[in-house]
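# Understanding the architecture of this molecule
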Amino acid sequence: MTETRGDILIVDDERDIRELISDILEDEGFTTRLAGTSDEAVAQVKADIPALMILDIWLKDSAMDGIDILKMVKREHPEVPVVIISGHGNVEIAVAAIKQGAYDFIEKPFNIDQLMVVIGRAMETSRLRRENTALRRRDGAPSEMIGSSSAFKALKNNLEKVTKSNGRVLLSGPAGSGKELAARYIHANSDRASAPFVVVNSASIEADRMEEVLFGRESAERGIEPGLLDEANGGVIYFDEVADMPLGTQSKILRVLVDQRFQRVGGNDKASVDIRVISSSNKDLQAEIEAGSFREELFHRLNVVPITVPALSERREDIPQLAQHFLEMFNREQGLNLRELSEDAEAMLQAMGWPGNVRQLKNVIERVLILGDGTGPISSGELPGADHGAGEEGAADQAVTLPTALATLPLREAREAFEREYLLTQINRFGGNISRTANFVGMERSALHRKLKSLGVVTGNKAGARVAYVAEEPGDEQGEDVGA
C-alpha cells in the first residue's frame, strides 16, 4: 500500500456532515475519501493508508464505534493522526479518545476555522514526526562498499544476489568486519530502499526492556507507544548480534517471523507488520544452540540465506583503499588534514594483525590524523606499534627485541620460522599474487616457489580469496599463480 500525504479519510454516519467537511478540505487542496460505517472505514484504511483521519465517535448501524476504529488504526498504523468529532461530546469521551492515541477532540457543531487549525497542526506534527524518524534511521551511516580483493568481490556478489528478494539474510563474521554495512547495502539496493532501516542492538538493550523496545507498549493511561517493529514497518529490521537476544524474546520474534503479527506489551490485540529481517552474529550459532542459549527453530528461520563477511586479514589487498577512504572521510567530516599513506606505511598496515577488523583500521587512521601535526605522507613510524628508538646514535643503534618463540630456537629453525611468517604475510598482503610478492621481496618467481615449497607454504582459495597458508598434510600442492 502507498501513502498519499494530503489524503484525508472522513468517517461519519451523517452524509451531509462528511460531504460538508470534504468540500471544505478539497477547497483547501486536500484529497478526501468518505466512509459512513465502520466496515467502510476499515476497508478504506486497508486499501490505502490515509495521511489523516477525521472520525466520528458514534456510528449508526456499525459493528464498531469510533473508539474501536481509533484503537485499530493506532494499533496497525500508529503514525496516522486521528481527529475525533462527536455531537455527544463530554470530558470522559475526550479523555478516552486522547488516551487511545487521538490527536485532538472536537465537539459538534464544530467551527470550520477551528477544525482547519486542528487539521493543519495534525498534518504538520505528522510530517515532522516522519522527518525526524527518517533522520534517526539514516543517522549518517553509509552503504558504500569499499574494496577490490577477491574476497570482497565474492561478498559483494553474494549481497547483490539477495537485494531484490525478500528473503531473510544471516550475516556472519568477526566483530568490526562490516556486517551492518553489508546489511545497509542490501537495503539501499532493494525495493525497500525508500522505506525504514531500523537497527536492533541486541547486546546493548537491557534484557528486561527488550520486548518493550521491540514491540512497544499499550496502556489505558498513555495509549499506544510504538516500538521498533512499528518503526520498521514496510522496510528492513536489522538484528545486530542476534545471539545476544534473551531466550524469551527469541520465541516471540519467532512468532513475528511466522505470521508477521505481534502483540504490544500490556495490549490484547495483535498488530500486523510488513518487514524484511536481516540479522548478524559474530558467534557460532550452532554452538549457541548446543549450549541452550539460542533457539534452533529461530536459527533456521533467520538462516534462509547465510552470507559470510570476511575478516580484514582475509582481504589485506583492500587495506590501502580502505585507509584512503577513511583519510578522505575524516578530512570531509572533521576537517582533519588530508594526508596520504607512504609506501612503508601501506606495507606496515597490510602486515599488521587486525583483531578489530575494519573498525580498528578506521580508529587507527583517525588516531594518526589527530595526533599527527604534519600534512605530508604518513610514515610507518606514526602508526601504532611502530618502534621509536631513543638512542643517541639514532635508528642504527636501536635495540631489536626478538619474540620469545624465536629466541628459544636454534638459528636454522628460527630463520625458517621467520621466513615462513614473513612470506605468508607478504603473499596475503598481495592477495595471493605470487608475481607481485616476488617483485616486492626481491626474488625470482622460481626461487620464491622453491622457498615456499621448502617452508611448507601453499596457496589456495578460502572464503572467496586466494590466500597462503601452511600445508597441514604432506602432499598438499602449491596453488596456481594469481595475476602472474
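Not measured: the values here are computed from a predicted model.

Moving on: the sheet that holds strand E14 (residues 305-308). With respect to topology, 5 strands assemble into an open sheet ordered E7-E10-E13-E6-E14, the strand pairing being parallel. Whereas interior strands pair on both sides, the edge strands pair on one side only; in this sheet they are strand E7 (197-201) and E14. The mean inter-strand angle of the sheet, taken between neighbouring strand axes irrespective of direction, is 20 degrees. Bridging between strand E6 (residues 169-172) and strand E13 (residues 276-281) involves 4 bridges; their strand directions are parallel. Pairing of Leu171 across the sheet is with Ser280, part of E13. Along the sheet face, helix H6 (residues 150-162) touches E6, E13 and E14 and points at about 155 degrees away from the line of E14.

Now for the nonpolar core. With 31 residues, the main nonpolar core has Ile237, Phe239, Ile253, Ile275 and Phe294 as its most contacted residues. Of all the elements in the fold, those that place two or more residues in this core are E7, helix H8 (210-215), helix H9 (228-232), strand E10 (236-240), helix H10 (247-259), helix H11 (285-290) and helix H12 (296-302). With near-sequence residues (within four places) excluded, Ile253 lies in contact with Leu214, Phe215, Phe239, Met245 and Leu298.

What follows is about a nonpolar patch on the surface. Together, Phe418, Tyr422 and Phe440 line one region of the surface with nonpolar side chains, adding up to about 300 Å² of accessible area. Assignment of secondary structure puts Tyr422 in helix H17 (residues 411-429). Classification of Tyr422 by relative accessible area gives partly exposed; the value is 31%.

With that settled, the discussion passes to the packing of aromatic side chains. Tallied over the entire structure, the rule returns 4 aromatic pairs. With a centroid separation of 6.0 Å and an interplanar angle of 25 degrees, the aromatic rings of Phe215 and Phe262 are classed as stacked. Within this pair, whereas Phe215 is found in helix H8, its partner Phe262 is found in strand E11 (residues 261-263), the two being separated by 47 residues in sequence. Summarising the burial analysis for this pair, Phe215 and Phe262 share the class buried.

Another aspect to go through is the pattern of salt bridges. This structure, assessed with the given rule, holds 15 salt bridges. Here Glu317 and Arg436 are joined by a salt bridge, their closest N and O atoms 3.5 Å apart. Remark: Arg436 occurs in helix H18 (residues 434-441) and Glu317 occurs in the loop between E14 and helix H13 (319-334); sequence separation between them is 119 residues. Between Lys451 and Glu419 there is a salt bridge, with the nearest N and O atoms lying 3.2 Å from each other. Taken as a pair, Lys451 in helix H19 (residues 445-455) and Glu419 in helix H17 lie far apart in primary sequence, 32 residues in all. Take Glu419: its relative accessible area is 21%, and that puts it in the partly exposed class.

Now for empty space enclosed by the protein. Applying the stated criterion across every chain yields a total of 1 cavity of 30 Å³ or more. Its boundaries defined by the atoms lining it, the largest cavity holds a volume of some 80 Å³. Of all the secondary structure elements, the ones that give two or more residues to the lining of the largest cavity are H6 and strand E16 (465-470). If one sorts the elements of the lining of the largest cavity by residue count, E16 sits on top with 3 residues. Residue composition of the lining of the largest cavity, by class: 3 nonpolar, 5 polar and 5 charged.

Ordered by their spatial adjacency, 5 strands build an open sheet running E2-E1-E3-E4-E5, and the pairing between neighbours is parallel. Only two strands of the sheet have a single neighbouring strand rather than two, namely strand E2 (31-35) and strand E5 (104-107). Neighbour-to-neighbour, the strand axes of the sheet open up by a mean angle of 20 degrees, direction not taken into account. Bridge count for strand E4 (residues 82-86) against E5 is 4 bridges, and the pairing is parallel.

Cut-offs applied
In this numbering scheme, every chain counts its residues from 1 along its sequence in written order. Per-residue local features of the predicted model are confined to residues with pLDDT of at least 70, and side-chain atom pairs are confined, for both listing and counting, to 80 or more; whole-chain, interface and lining totals are unaffected and use all residues. To obtain the side-chain values, all non-hydrogen atoms of the structure were included, while hydrogens and water were left out. Strand pairing requires that DSSP identify at least two bridges connecting the strands. The secondary structure listing takes helices from DSSP runs of H or I that are at least 4 residues long and strands from runs of E that are at least 2 residues long, numbered from the N terminus. Note on method: axes are straight lines fitted to C-alpha atoms, helices fitted across the in-contact stretch only, with angles between N-to-C directions ranging 0 to 180 degrees. Contact criterion: two residues are considered in contact whenever any of their non-hydrogen atoms come within 4.5 Å of each other. Side-chain atoms within 4.5 Å are what join buried Ala, Val, Leu, Ile, Met, Phe, Trp, Tyr and Cys residues into a set we call a nonpolar core. Buried means the residue's accessible area, taken with a 1.4 Å probe over protein chains only, is under 20% of the maximum for its type, while exposed means over 50%, and partly exposed covers the values in between. Surface patches are defined over residues having more than 30% relative accessible area and no salt bridge, joining like charges when they lie within 9 Å and nonpolar side chains (Val, Leu, Ile, Met, Phe, Trp, Tyr) when within 5 Å. All accessible-area figures derive from a Shrake-Rupley calculation using a 1.4 Å probe, and residue coverage is judged against the displayed protein chains alone. The salt bridge definition used is simple: a Lys or Arg side-chain nitrogen within 4 Å of an Asp or Glu carboxyl oxygen. Here the aromatic set is Phe, Tyr and Trp, taking the six-membered ring for Trp, and pairing holds for ring centres within 6.5 Å; pairs whose planes are under 30 degrees apart are stacked, those over 60 apart are edge-to-face, and all others are tilted. Definitions used for this entry: grid spacing 1 Å over protein atoms alone; cavity, a set of points where a 1.4 Å probe fits but cannot get out; pocket, an open set with protein on both sides within 12 Å along at least 5 of 7 lines; lining residue, one with an atom within 4 Å of a point. Grid points are joined across faces, edges and corners, and a volume is the space filled by probe spheres set on the points. Gly is placed with the polar residues, together with every amino acid not listed as nonpolar (Ala, Val, Leu, Ile, Met, Phe, Trp, Tyr, Cys and Pro) or charged (Asp, Glu, Lys and Arg).

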